[in-house]
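Spelled out, the chains give:
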Amino acid sequence: MNTYAKYNQSGEDYLESILTLSQSQSVVHRIDVAKKMNVSQAAVNKAMKILLEKSYVYEDGKHLYLTEEGKRYAEAVFEKHCIIRDYLIKNGVSVAAAEEDACHMEHLISKETFQMMKKFLAK
């Protein structure tokens, strides 16, 4: 895997974590992200620095928020995750395996393949 793909995957994972946390709690802290992703606070701090520089995230004291651009990006990644997971389950993959595979595949899937899966599930 090249560095660019790894960076995107990591950044996308953090954005997706902030999105899903913000859907279930009123505020998101860095420690929440660390616990959800099972990473150190130092790793979260490093990732947040990059996401802040890219204007995907902003902070208000100790709370993390997605910018509009960050939210759109996170929602697109999360949609891929859900479509891939549901497609795999519908085709006989166990829920646990589908969930884990979707976490990896969401970063690598082509637009063509994603659209095919989405269309398949819409039937």
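Above this text you will find the structure in question.
Presented here is an overview of the structure given in this document. Note that the structure is predicted; figures quoted are calculated from it, not measured.

### Quick word on the pattern of salt bridges
So, point 1. A complete count under the given rule lists 4 salt bridges for this structure.
So, point 2. Between Glu59 and Arg30 there is a salt bridge whose closest N-O contact spans 2.9 Å. Taken together, the residues span a long stretch of sequence, with Glu59 in strand 2 (residues 57–60) and Arg30 in helix 2 (residues 30–37) at a distance of 29 residues.
So, point 3. Residue Glu59 is classed as partly exposed on the basis of its relative accessible area, which comes to 31%.
So, point 4. Residue classification places Arg30 among the buried positions, given a relative accessible area of 19%.
So, point 5. Salt-bridge contacts for Lys118 lead to Glu79; the nearest nitrogen and oxygen are separated by 2.7 Å. With Lys118 in helix 6 (residues 111–122) and Glu79 in helix 4 (residues 68–90), the pair connects residues that are 39 residues apart, well separated along the chain.
So, point 6. Here Glu79 falls in the partly exposed class, since its relative accessible area comes to 32%.

Here is what the cut-offs are and how they apply
Residues numbered from 1 in each chain as written. Predicted model: local features only at pLDDT ≥ 70, side-chain atom pairs only at ≥ 80, totals over all residues. Heavy atoms only, no water. Salt bridge = Lys/Arg side-chain N within 4 Å of Asp/Glu carboxyl O. Helix = DSSP H or I, 4+ residues; strand = E, 2+ residues; numbered from the N terminus. Buried < 20%, exposed > 50% of the residue type's maximum accessible area, 1.4 Å probe, protein only.

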